[in-house]
Amino acid sequence: MPVAAAGPDGATPCGYHPGNVATTNCQHCGTFICGLCEVTLEGRRLCVSCFDRLRSENKLETTISEFRDYGSIAASSAVFGCLIPYFSIILGPLAVYYSIKAFRQKKQMNETDGRLAIALSMILGLVGTGAVLFLIGTIVIGLISG
């Protein structure tokens, strides 16, 4: 609705379209917006600028288009480290690192499923790393004393 049709006392202009009546305000920045500017998402009314900014910062869960599953990376590192023990010196710490990132990711996304698998990946990574370090230590001690 044009501002002129609402009368001089009955309308607040849109912050982006001064000729249009503002129907609401952005719940992020507070700018008055008209129906053309309003983006309703995740129960919030946003102006186009805030929507674009929040989307580019991945702060709107429903607009995230790329996702790195750190739990799967941790599990793969731990399993391959166990299958090929000589690589555990590298894959074990990677499994622990990605397990920590996976726990943080789950917390950030408010998810509770899959935490046991992440914990098991971390334990496998620690055990694999410890086993390889023990093996290396045993070989070094054998060479020194023998």
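Report follows, based on the coordinates. (Residues numbered from 1 in each chain as written. Predicted model: local features only at pLDDT ≥ 70, side-chain atom pairs only at ≥ 80, totals over all residues. Heavy atoms only, no water.)

## Digging into the packing of aromatic side chains
Part 1 of the argument: One pass over the structure, following the stated rule, counts two aromatic pairs.
Part 2 of the argument: Measuring from ring centre to ring centre gives 5.9 Å for Tyr70 and Tyr98, while their planes differ by 15°; the resulting arrangement is stacked. Within this pair, whereas Tyr70 is found in helix 3 (residues 70–83), its partner Tyr98 is found in helix 4 (residues 88–108), the two being separated by 28 residues in sequence.
Part 3 of the argument: A residue is classified by how much of its surface remains accessible, and Tyr70, at 16% relative accessible area, is buried. (Phe/Tyr/Trp six-rings, centres within 6.5 Å; stacked < 30°, edge-to-face > 60°. Helix = DSSP H or I, 4+ residues; strand = E, 2+ residues; numbered from the N terminus. Buried < 20%, exposed > 50% of the residue type's maximum accessible area, 1.4 Å probe, protein only.)

## A short note on the pattern of salt bridges
Part 1 of the argument: Tallying each qualifying case throughout the model produces four salt bridges.
Part 2 of the argument: The partner of Lys106 in a salt bridge is Glu111, with the nearest N and O atoms 3.2 Å apart.
Part 3 of the argument: Across the salt bridge formed by Asp113 and Lys106, the nearest N and O atoms sit 3.8 Å from each other.
Part 4 of the argument: On the basis of relative accessible area, Lys106 is assigned to the buried category, the value being 15%. (Salt bridge = Lys/Arg side-chain N within 4 Å of Asp/Glu carboxyl O.)

## What to know about unusual backbone geometry
Part 1 of the argument: Phi at Glu42 is positive, roughly 55°, even though this residue is not glycine.
Part 2 of the argument: Its place among the elements puts Glu42 in the loop between strand 3 (39–41) and strand 4 (44–46).
Part 3 of the argument: For Asn110, which is not a glycine, the phi torsion comes out positive at approximately 55°.
Part 4 of the argument: The class for Asn110 is exposed, based on a relative accessible area of 69%.

## With respect to the side chain of Lys106
Part 1 of the argument: When you line up the elements, Lys106 lands in helix 4.
Part 2 of the argument: Those residues in contact with Lys106, other than ones at most four positions away along the chain, are Glu111, Asp113, Arg115 and Ile118. (Contact = heavy atoms within 4.5 Å.)

## Comments concerning the packing of helix 3 against helix 4
Part 1 of the argument: The N-to-C vectors of helix 3 and helix 4 enclose an angle of 160°; their axes lie 7 Å apart at closest approach. The pairing of helix 3 with helix 4 is recorded here as roughly antiparallel in orientation. Read as a crossing pair, helix 3 and helix 4 show a hand that is left-handed. Residues Tyr70, Gly71, Ile73, Ala74, Ser77, Ala78, Phe80, Gly81 and Cys82 of helix 3 touch helix 4, and the partners they reach there are Ser88, Leu91, Leu94, Ala95, Tyr98, Ser99, Lys101, Ala102 and Gln105. (Axes fitted to C-alpha atoms, helices over the stretch in contact; angles between N-to-C directions. Parallel < 35°, antiparallel > 145°, perpendicular 65-115°, else oblique. Left-handed = near helix turned anticlockwise from the far one by under 90°.)

## Points about the nonpolar core
Part 1 of the argument: Ranked by size, the top nonpolar core spans 12 residues in total: Cys14, Cys26, Ile33, Cys34, Cys37, Leu41, Leu46, Cys47, Cys50, Phe51, Leu54 and Leu60.
Part 2 of the argument: Looking at this core, the element that brings in the most residues is helix 2 (residues 48–56), giving three residues.
Part 3 of the argument: When residues no more than four places from it in sequence are discounted, the contact partners of Leu46 are Cys26, His28, Ile33, Cys37, Glu38, Val39, Phe51, Leu54 and Leu60. (Core = buried A, V, L, I, M, F, W, Y, C linked by side-chain atoms within 4.5 Å.)

## As for a nonpolar patch on the surface
Part 1 of the argument: On the surface, Ile89, Ile90, Leu94, Tyr97, Leu133, Ile136, Val140 and Ile144 cluster together to form a nonpolar patch covering roughly 730 Å² of accessible area.
Part 2 of the argument: If you list the elements that add at least two residues to the nonpolar patch, you get helix 4 and helix 5 (115–145).
Part 3 of the argument: Residue placement: Leu133 occurs in helix 5. (Patch = residues over 30% accessible without salt bridge, like charges linked within 9 Å, V, L, I, M, F, W, Y side chains within 5 Å. Areas by Shrake-Rupley, 256 points an atom, 1.4 Å probe, with all protein chains shown as cover.)

## Quick look at helix 5
Part 1 of the argument: Between its terminal C-alpha atoms helix 5 stretches 44 Å, which fits the 45 Å expected from 31 residues at 1.5 Å a residue.
Part 2 of the argument: Every buried residue of helix 5 is listed here: Ile118, Ser121, Gly125, Gly128, Thr129 and Val132.
Part 3 of the argument: Lining the buried residues of helix 5 we find helix 3 and helix 4. (Expected span 1.5 Å × (residues − 1).)

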